[in-house]
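The chain contents come next:
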Amino acid sequence: MNASVLASDPALVNPSVLAIDAGNSKTDVAVIGAEGVILSAARGGGFQPPAVGVEAAVEALGAIVGRALELSGVPSGVVTHVSACLANADLPVEEEELAAALRARGWGESVEVRNDTFAILRAGVDEPRGVAVVCGAGINCVGMLPDGRTARFPAIGRMSGDWGGGSALAEEAMWFAARAEDGRGEPTELARALPAHFGLDSMYALIEALHLGRIESERRHELAPVLFATAAAGDAVAGALVDRLAEEVVAMASVALGRLGLLAEETPVVLGGSVLAARHPRLDERIADLLAVRAPKAVVRVVTESPVLGAALLGLDRTGAPPEVHERLRALYRR
């Protein structure tokens with residue numbers, strides 16, 4: 001864990017928001033003063049209730065929060081509002097369960113839990129208005145309006161109609177590569193490139209290594225960049241998978257815009273997550289082309305700000321902080 005005090009001016013330390021952005025692999029916590037300064041920040045491991053259970057996950061989160069509060073000099077319970085954007089809070093019922101668990105910790109006077117995609121959206125827009133599509137290990141999309149209305153998808157995986165993200169891309173690439181090698185499918189350079197990434201000479205060897213655990217299954221996500229490189233080199237099968245991902249991104253974004261009545265208005269569409277932030281030219285161009293047809297008023301940008309900024313801004317929205325406080329905080333995160 002790594003933490004640091006970023007501001008300690010006694011005139012500014014009235015605590016307002018405890019901001020939490022907890023992803024699958026890492027968690028960032030910040031204590032934000034009422035004037036938009038960062039009183040302290042702490043970082044720790046990922047937040048995975050499905051793997052360890054809600055209580056154990058919240059217990060681990062509590063250690064990071066405790067460190068941030070200790071560094072800020074703010075006692076637990078003094079913070080006005082806890083704004084927590086959490087991975088694996090995919091359904092409203094899960095958000096409610098996690099909010100109850102955080103409320104029981106007594107960290108602040110009020111608590112709001114949202115899916116972590118909302119943090120990326122809020123970090124990328126000047127006001128709580130727009131749509132975000134996040135594509136990392138998986139894929140998700142949310143939209144929001146200043147009046148509190150939202151648009152979202154379950155984003156649980158194939159059972160909820162989702163496809164995309166590094167994991168799905170790697171799985172699909174392997175499917176085509178395996179069939180190309182054994183003759184059931186059309187030829188593709190993926191049959192050579194995917195095993196070569198692990199120093200192997202065939203898809204059979206890669207399949208065997210994954211099946212027997214000689215290559216950890218978590219490393220499959222490493223194949224997504226190989227897919228994009230193969231597509232960029234002109235492989236038709238790899239290119240078709242990249243195009244399919246673009247279609248999924250645009251389908252989610254345009255549906256979310258439509259649900260919020262924003263298709264006819266100039267509206268930010270924020271793209272985030274490791275796959276979209278990598279700025280693969282073919283994917284970017286295809287997304288732009290498809291959005292020009294389905295949502296021509298969309299204004300696309302790739303978010304580069306820290307998601308914990310988004311959690312903090314959502315908290316300041318909730319406490320009614322004026323625009324200059326939002327801007328002061330955003331400026332601090334630009335440094």
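Here goes a summary of the coordinates provided.

Reading the values: rules and limits
Residues numbered from 1 in each chain as written. Predicted model: local features only at pLDDT ≥ 70, side-chain atom pairs only at ≥ 80, totals over all residues. Heavy atoms only, no water. Helix = DSSP H or I, 4+ residues; strand = E, 2+ residues; numbered from the N terminus. Buried < 20%, exposed > 50% of the residue type's maximum accessible area, 1.4 Å probe, protein only. Contact = heavy atoms within 4.5 Å. Areas by Shrake-Rupley, 256 points an atom, 1.4 Å probe, with all protein chains shown as cover. Salt bridge = Lys/Arg side-chain N within 4 Å of Asp/Glu carboxyl O. Phe/Tyr/Trp six-rings, centres within 6.5 Å; stacked < 30°, edge-to-face > 60°. 1 Å grid on protein atoms, 1.4 Å probe; cavity = no way out; pocket = protein on both sides within 12 Å on 5 of 7 lines; lining within 4 Å. Points joined across faces, edges and corners; volume = space filled by probe spheres on them. Nonpolar A, V, L, I, M, F, W, Y, C, P; charged D, E, K, R; others polar. Pairing = 2+ DSSP bridges. Axes fitted to C-alpha atoms, helices over the stretch in contact; angles between N-to-C directions.

**Side note on the overall build of the protein**
Helix and strand content of the protein: 13 helices and 11 strands. Dimensions of the protein, computed from the C-alpha atoms along their principal axes, are close to 70 × 50 × 35 Å. Looking at the 335 residues of the protein, the share that counts as buried comes to 50%. Excluding contacts between residues fewer than 6 apart, the proportion of contacts in the protein whose partners are at least 24 apart in sequence is 68%. A total accessible area of about 14,900 Å² is found for the protein, and carbon and sulfur atoms account for 52% of it.

**Focus on the pattern of salt bridges**
Under the defined criterion, the tally for this structure stands at 20 salt bridges. Across the pair Glu172 and Arg244 runs a salt bridge whose closest N-O atoms are separated by 3.2 Å. Placement of Glu172 in helix 5 (residues 165-182) and of Arg244 in helix 9 (residues 236-259) is noted, with a sequence separation of 72 residues between them. Ionic pairing is found between Glu222 and Arg219, a salt bridge with its closest N-O pair at 2.8 Å. On the basis of relative accessibility, which here comes to 21%, the residue Glu222 falls in the partly exposed class. By relative accessible area, Arg219 is classed as partly exposed at 35%. In this structure, a network of salt bridges that share partners links the residues Lys26, Asp28 and Arg43.

**Notes on the packing of aromatic side chains**
Taken as a whole, this structure holds 1 aromatic pair when the rule is applied. Between the aromatic rings of Trp175 and Phe176, the centroid separation amounts to 5.0 Å while the plane-to-plane angle is 80°, which identifies the pairing as edge-to-face. According to the relative accessible area criterion, Trp175 is partly exposed, its value standing at 45%. Since its relative accessible area comes to 24%, Phe176 is described here as partly exposed.

**Comments concerning the layout of surface pockets**
Volume-wise, the largest pocket comes out at about 1,500 Å³. Lining the largest pocket are 45 residues; nearest its centre among them are Asn24, Gly136, Ala137, Gly138 and Ile139. Among the secondary structure elements, those contributing two or more residues to the lining of the largest pocket are helix 4 (117-123), strand 8 (139-144), helix 5 and helix 10 (274-277). The leading source of residues in the lining of the largest pocket is helix 5, at 5 residues. Of the residues contributing to the lining of the largest pocket, the split by class is 15 nonpolar, 18 polar and 12 charged.

**Points about the pairing of strand 7 (residues 130-135)**
Put simply, side chains in a regular strand alternate between the two faces of the sheet. In terms of burial, strand 7 is a largely internal element, 6 of the 6 residues being buried. The two faces of strand 7 match: Gly130, Ala132 and Val134 on one face and Val131, Val133 and Cys135 on the other face are all buried. Taking the residues between adjacent antiparallel strands as the criterion, strand 7 and strand 8 are bridged by 3 residues. Relative to strand 10 (residues 267-272), strand 7 is paired through 4 bridges, and the arrangement is parallel. Each residue of the ladder has a partner; that of Val131, found in strand 10, is Val269.

**Observations regarding the sheet that holds strand 7**
Pairing is mixed across the open sheet formed by 5 strands, whose spatial order is 9-8-7-10-11. Sheet topology places strand 9 (150-152) and strand 11 (298-302) at the edges, where each strand pairs with a single neighbour. Ignoring strand direction, the axes of neighbouring strands in this sheet form an average angle of 15°. By the bridge criterion, 5 bridges tie strand 10 to strand 11 in an arrangement that is parallel. Note that in strand 11 the partner of Leu271 across the bridge is Val302.

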